[in-house]
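Commentary on secondary and tertiary structure
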Protein chains: 6
Amino acid sequence: MIYLTRRERFNAAHRLFKKEWSDEKNFEVFGKCSNPNWHGHNYQLFVTIKGEINPETGFVVNLKVLSKIVREKVIEKIDHKNLNLDVDFMKGKITSAENIAIAIWQEIEEDINKLSCELHCVKVVETENNSIEYYG
Amino acid sequence: MIYLTRRERFNAAHRLFKKEWSDEKNFEVFGKCSNPNWHGHNYQLFVTIKGEINPETGFVVNLKVLSKIVREKVIEKIDHKNLNLDVDFMKGKITSAENIAIAIWQEIEEDINKLSCELHCVKVVETENNSIEYYG
Amino acid sequence: MIYLTRRERFNAAHRLFKKEWSDEKNFEVFGKCSNPNWHGHNYQLFVTIKGEINPETGFVVNLKVLSKIVREKVIEKIDHKNLNLDVDFMKGKITSAENIAIAIWQEIEEDINKLSCELHCVKVVETENNSIEYYG
Amino acid sequence: MIYLTRRERFNAAHRLFKKEWSDEKNFEVFGKCSNPNWHGHNYQLFVTIKGEINPETGFVVNLKVLSKIVREKVIEKIDHKNLNLDVDFMKGKITSAENIAIAIWQEIEEDINKLSCELHCVKVVETENNSIEYYG
Amino acid sequence: MIYLTRRERFNAAHRLFKKEWSDEKNFEVFGKCSNPNWHGHNYQLFVTIKGEINPETGFVVNLKVLSKIVREKVIEKIDHKNLNLDVDFMKGKITSAENIAIAIWQEIEEDINKLSCELHCVKVVETENNSIEYYG
Amino acid sequence: MIYLTRRERFNAAHRLFKKEWSDEKNFEVFGKCSNPNWHGHNYQLFVTIKGEINPETGFVVNLKVLSKIVREKVIEKIDHKNLNLDVDFMKGKITSAENIAIAIWQEIEEDINKLSCELHCVKVVETENNSIEYYG
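A look at the side chain of Asn42 of chain F
With respect to the helices and strands, the residue Asn42 of chain F is situated in strand β2 (residues 39-51). Looking at Asn42 of chain F, its side chain comes within polar contact range of the main-chain oxygen of Glu126 of chain C, at 2.9 Å. Apart from residues lying up to four places away in sequence, Asn42 of chain F is in contact with Gly40, His41, Asn42, Glu126 and Thr127 of chain C together with Phe10, Asn11, Val125 and Glu126 of chain F.

Below you can see the structure in the form of structure tokens.
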């Protein structure tokens with residue numbers, strides 16, 4: 001069993017808030033992340049898969065194939081977008097890094113597990129000080 | 001003469017567009033950066049000042065003082081904000097990294113030059129691949 | 001179950017030595033890290049907690065709360081200090097990165113586990129080439 | 001139980017290809033990584049060991065000893081070399097990062113497990129976007 | 001006048017040697033960089049241009065245009081290649097980072113100066129410890 | 001004319017203070033950097049030289065020679081040391097990054113200018129947020 005990690009990046013706007021709450025309550029819980037006019041991040045996404053090495057190629061999985069799935073299922077929908085308004089798989093969700101990581105897992109799990117490997121971890125790095133890991 | 005650089009960071013949303021132009025024209029020029037619902041970045045700001053060393057302290061300028069100016073004049077106004085909507089010193093400007101760098105220079109130049117040093121460079125790093133330097 | 005990691009930083013002096021040993025013996029075991037007049041590092045501390053997402057907030061735990069615990073229990077006691085002389089929770093211990101990681105775990109475990117999450121890992125990065133992880 | 005990670009680096013040339021395959025087939029599977037005249041990388045190698053802390057020293061294992069093993073068994077054979085042509089422990093293998101990680105594990109496992117610790121992970125970082133982890 | 005820097009990356013094999021010299025002499029001057037079977041690097045290329053801001057766009061130059069020139073004139077010819085054998089603009093030259101930087105300057109200068117800006121600096125980062133800057 | 005930069009690193013303890021001043025006055029000016037029991041940093045040192053390329057070698061200067069000077073004249077005296085107590089070329093000086101940069105310039109200038117090049121810049125990076133550049 002071996003683990004392969006691919007990094008992709010996306011730059012997006014978002015806002016943390018609950019529409020049922022007042023602006024004051026949102027600010028109390030989410031602080032400046034609740035700014036009504038949005039803010040944004042250079043997100044880094046690390047997708048880790050695990051599997052056996054294919055002796056024909058020396059690969060667990062061809063990086064081109066893995067990267068294509070992540071780009072088509074995630075990056076194209078999320079890069080240079082507003083996570084609250086533009087992204088189908090985030091609709092109705094609070095756009096915390098936690099929820100982003102889980103939603104990305106759900107977007108790619110099926111396609112990745114069709115390959116000769118298994119999705120192991122989705123890591124979302126929001127800033128140089130904060131990151132989230134989800135293992136399914 | 002010695003040069004001192006202080007890094008500060010801000011996370012902001014923005015959009016590149018000209019309101020006189022159609023969405024098509026904006027997309028043609030600015031690409032996905034013109035997304036109407038905004039996107040965002042973890043910006044890094046490097047402020048470089050130059051001056052003589054104060055023999056009393058060994059400092060060109062006390063970092064606490066420099067950092068205080070940059071935080072009060074720039075970071076507090078720009079961090080977790082929308083550069084197009086929320087920031088007084090970007091009003092009416094295209095929020096390119098070029099214009100951000102020049103506007104930050106104008107915000108801090110007077111206060112820094114009151115210290116025993118001179119503003120030398122404002123560097124804005126938008127992504128790991130793109131950055132701007134302005135020397136006044 | 002989801003994992004959240006917060007990075008904090010501290011700059012500290014230390015020395016690796018055993019007072020029962022001669023200088024020669026200390027140098028033999030600890031090399032230049034045993035320099036009697038101390039040396040120092042920019043340490044990076046990564047605290048990882050795990051838990052379920054709170055559906056109200058989208059958070060495992062509010063980063064402000066987590067960061068406050070780490071700052072009050074660790075960073076304020078350790079930043080710009082001498083790890084051998086100034087830090088109560090390192091008294092009588094060899095200030096190896098291993099012992100620092102364990103001591104930090106002990107400092108924060110109780111407060112973190114009072115939150116809706118569990119302490120998972122304390123990682124101490126001493127240089128770009130050396131780091132320690134402790135999982136309790 | 002505590003985990004210690006040491007980073008070492010090596011700069012090497014390699015080529016991904018199967019000699020039984022035509023150039024076209026190699027290009028189809030390995031893309032530009034199959035360039036007959038080689039290409040290369042600044043590889044980063046992270047070796048993680050786990051064990052109990054020695055109360056005499058505060059160390060799981062002396063970094064000098066760990067580093068010496070990794071340098072003698074791996075770095076000296078692999079740094080500024082051609083992974084396909086010059087490295088005994090890669091002979092006859094496809095020089096994918098997966099196979100490099102496993103081969104490095106096999107090179108150092110015995111010597112490391114003679115110490116008061118156990119080899120836990122070999123991580124090979126090929127580019128800022130791609131890495132491999134092997135846990136034996 | 002404002003300065004814009006674009007980073008691109010390329011992974012290449014090379015060897016430092018003079019064919020008129022013996023292997024011994026080459027090793028004496030170039031050390032392990034003269035390994036006859038090549039070694040390689042993840043090079044980073046930083047291209048800096050300078051110019052006035054176009055008030056229509058807020059740009060000195062459109063990054064897409066700059067990036068296209070650098071990719072077509074340099075990266076496509078040099079990425080996943082052997083700098084000594086595969087790259088027309090390095091033919092007959094010692095493939096030191098110094099010569100790479102100058103050759104890249106010569107490849108892109110004409111196309112960049114046709115834009116509304118001027119080539120200012122080509123920086124080649126060979127390893128985390130070594131880099132070259134050329135200003136024409 | 002081409003510029004070559006070499007990075008070296010040193011880990012050191014230091015304290016900012018003036019012995020003529022009271023502890024209160026030192027704390028007022030230098031803040032927590034005046035801690036009597038020292039603190040420390042992982043310093044990065046970037047030495048930049050400039051010169052013409054030697055057509056025999058493709059080098060401005062052989063990196064091994066440059067690195068040897070920096071290591072012998074600076075790193076061996078400063079790494080794993082106390083900058084205030086152990087380092088001859090810092091004796092009697094406030095150990096600010098400004099003064100460290102100038103002192104390092106003075107230590108290496110003569111030896112470097114004996115080579116076929118000229119010392120251009122000494123850059124000292126104290127933390128990820130603070131750095132100093134000195135050009136003589």
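Points about the relation of the copies chain C and chain D
With an RMSD of 0.0 Å, chain C superimposes on chain D once it is rotated by 120° and translated 0.0 Å along the axis. What the superposition gives is, in effect, a three-fold axis relating one chain to the other. For chain C, the minimum C-alpha distance to the rotation axis belongs to Glu128 of chain C and amounts to 8.9 Å.

Brief notes about the relation of the copies chain D and chain E
Taken as rigid bodies, chain D and chain E are interconverted by a rotation of 180° and an axial shift of 0.0 Å, the fit giving an RMSD of 0.0 Å. The superposition of one copy onto the other is thereby described by a two-fold rotation axis. A high fraction, 100%, of the interface residues of chain D reappear at the interface in chain E, so the copies pair face to face through one surface.

Topic: the packing of helix α2 (residues 63-78) of chain F against helix α3 (residues 97-113) of chain F
Residues and elements named next belong to chain F. Across the interface, α2 lies against α3 with an axial gap of 10 Å and an inter-helix angle of 150°. Comparing the axis directions of α2 and α3 gives the class roughly antiparallel. Considering the relative orientation of α2 and α3, their crossing is right-handed. Of the residues in α3, those in contact with Leu66, Ile69, Lys73, Val74, Lys77 and Ile78 of α2 are Ile104, Glu107, Ile108, Asp111 and Ile112. The residue makeup of the contact of α2 with α3, split by class, is seven nonpolar, no polar and four charged.

What to know about α2 of chain F
All names here are of chain F. Arg71 marks the point of greatest bend in α2, at about 45°. Listing the buried residues of α2 in full gives Leu66, Ser67, Ile69, Val70, Val74, Ile75 and Ile78. Against the buried residues of α2 lie β1 (2-14), β2, β3 (81-82) and α3. Backbone geometry just downstream of α2 places His80 in the positive-phi region, at approximately 60°.

Comments concerning the pattern of salt bridges
According to the stated counting rule, one finds 66 salt bridges over all chains in the structure shown. Salt-bridge contacts for Glu107 of chain A lead to Lys77 of chain A; the nearest nitrogen and oxygen are separated by 3.2 Å. Taken together, the residues span a long stretch of sequence, with Glu107 of chain A in helix α3 (residues 97-113) and Lys77 of chain A in helix α2 (residues 63-78) at a distance of 30 residues. Owing to a relative accessible area of 28%, Lys77 of chain A belongs among the partly exposed residues under this scheme. Among the charged side chains, a network of salt bridges with common partners joins Arg7 and Arg9 of chain A, Glu128 of chain B, Glu128 of chain D together with Arg7 and Arg9 of chain E.

Observations concerning the state of the cysteines
Here, the word disulfide means a covalent bond between the sulfur atoms of two cysteines. Throughout the structure, instances matching the rule amount to zero disulfides over all chains. No disulfide involves Cys121 of chain A; its sulfur sits 13 Å from the nearest other cysteine sulfur, which is in Cys121 of chain C. Here Cys121 of chain A falls in the buried class, since its relative accessible area comes to 5%.

Section: the interface of chain C and chain D
Taken residue by residue, the interface counts 20 residues in chain C and 18 residues in chain D. Area buried by chain C at its contact with chain D is led by Glu98, Asn129 and Glu133 of chain C, which between them contribute 31% of it. The interface formed by chain C and chain D holds one salt bridge in total. Here Glu128 of chain C ties to Arg7 of chain D by a salt bridge, and the two come within 3.0 Å at their closest N and O atoms. Linking chain C to chain D there are nine residue pairs in polar contact (both at pLDDT 80 or more). Counting only elements with at least two residues in the side of chain C that touches chain D, the list comes to α1 (23-30), α3 (97-113) and β5 (130-134) of chain C. The biggest single contributor to the side of chain C that touches chain D is β5 of chain C, with five residues. When its residues are assigned to classes, the side of chain C that touches chain D shows nine nonpolar, six polar and five charged. The pairing of β5 of chain C with strand β1 (residues 2-14) of chain D spans five bridges and is classified as antiparallel. Note on β1 of chain D: the bridge partner recorded for Ile132 of chain C is Leu4 of chain D.

Details of the pairing of strand β4 (residues 118-127) of chain F
All names here are of chain F. By the criterion of burial, β4 is predominantly enclosed, with seven of the 10 residues buried. When β2 meets β4, the two strands line up antiparallel, connected through seven bridges. Within β4, the residue paired with Thr48 across the bridge is Cys121. Two elements, β4 and strand β5 (residues 130-134), share five bridges in a ladder whose sense is antiparallel. Residue Val125 lies in a different strand from β5, and its bridge partner there is Ser131. In sequence, β4 turns back onto β5 through a hairpin of two residues.

Overview of the interface of chain D and chain E
Listed per partner, the contact involves 24 residues of chain D and 24 residues of chain E. Together chain D and chain E conceal approximately 2,000 Å² of surface at their shared face, both sides included; 42% is due to carbon and sulfur atoms. Looking only at chain D, the three residues that lose the most surface to chain E are Asn37, Asn42 and His80 of chain D, adding up to 29% of its buried area. There are six salt bridges connecting chain D and chain E. One salt bridge connects Lys32 of chain E with Asp79 of chain D, and the closest N-O pair in it is separated by 2.8 Å. The interface formed by chain D and chain E holds 21 residue pairs in polar contact (both at pLDDT 80 or more) in total.

Re the arrangement of the chains
The least C-alpha distance between chain A and chain E, which are not in contact, is 15 Å. No interface is formed between chain D and chain F, the nearest pair of C-alpha atoms being 15 Å apart.

Section: the environment of His14 of chain A
All names here are of chain A. Topologically, His14 is positioned in strand β1 (residues 2-14). Considering only alpha carbons, one finds His14 and Lys81, 67 residues apart in sequence, at a separation of 8.6 Å. Not counting residues within four places of it along the chain, the set of residues in contact with His14 comprises Trp38, His39, Gly40, His41, Tyr43, Leu83, Asn84, Thr95 and Glu126. Within the local environment of His14, its side chain forms a polar contact with the backbone oxygen of Thr95, the two atoms lying 3.0 Å apart.

The rules behind the values
- Just so you know, the residues in each chain are numbered from 1, in the order the chain's sequence is written.
- Labels follow written order: the first chain is A, the first ligand is 1, and so on.
- In view of the model being predicted, local features appear only for residues whose pLDDT reaches at least 70, and side-chain atom pairs are presented and counted only at 80 or more, with totals across whole chains, interfaces and linings using the full set of residues.
- In computing side-chain values, all of the structure's heavy atoms are included and hydrogens and water are not.
- We count a stretch as a helix when DSSP gives it H or I for four or more residues in a row; a strand needs E for two or more, and each element gets its number in order from the N terminus.
- Between N or O atoms, a polar contact is any pair within 3.5 Å; within protein, one atom must be a potential hydrogen donor and the other a potential acceptor, and residues adjacent in sequence are included only when both atoms are from side chains.
- By the convention used here, residues are in contact when the closest approach between their heavy atoms is within 4.5 Å.
- In superposing the copies, a least-squares fit is computed on C-alpha atoms, taking residues whose pLDDT is at least 70 in both.
- Lines fitted to C-alpha atoms define the axes, with helix axes restricted to the stretch in contact, and inter-axis angles between N-to-C directions lie between 0 and 180 degrees.
- Geometric relationships in this document are graded by angle, where less than 35 degrees denotes roughly parallel, more than 145 denotes roughly antiparallel, 65 to 115 denotes roughly perpendicular, and other angles denote oblique.
- In this scheme the crossing of two helices becomes right-handed for a clockwise turn of the near helix relative to the far one and left-handed for an anticlockwise turn of less than a right angle.
- Lys, Arg, Asp and Glu make up the charged group, whereas Ala, Val, Leu, Ile, Met, Phe, Trp, Tyr, Cys and Pro make up the nonpolar group; the residues left over, Gly among them, are polar.
- Working definition for bend: take the seven residues up to and ending at a residue and the seven starting at it, fit an axis to each, and measure the angle between the axes.
- In this scheme, a residue with accessible area under 20% of its type's maximum is buried, one over 50% is exposed, and one in between is partly exposed, where area comes from a 1.4 Å probe on protein chains only.
- When a carboxyl oxygen of Asp or Glu is within 4 Å of a side-chain nitrogen of Lys or Arg, the pair counts as a salt bridge.
- A pair of sulfur atoms, both from cysteines and within 2.5 Å, is called a disulfide here.
- Summed over both partners, the accessible surface that disappears when two parts come together, traced with a 1.4 Å probe, is what is meant by buried area.
- Only strands that DSSP links by at least two bridges are regarded as paired with each other.

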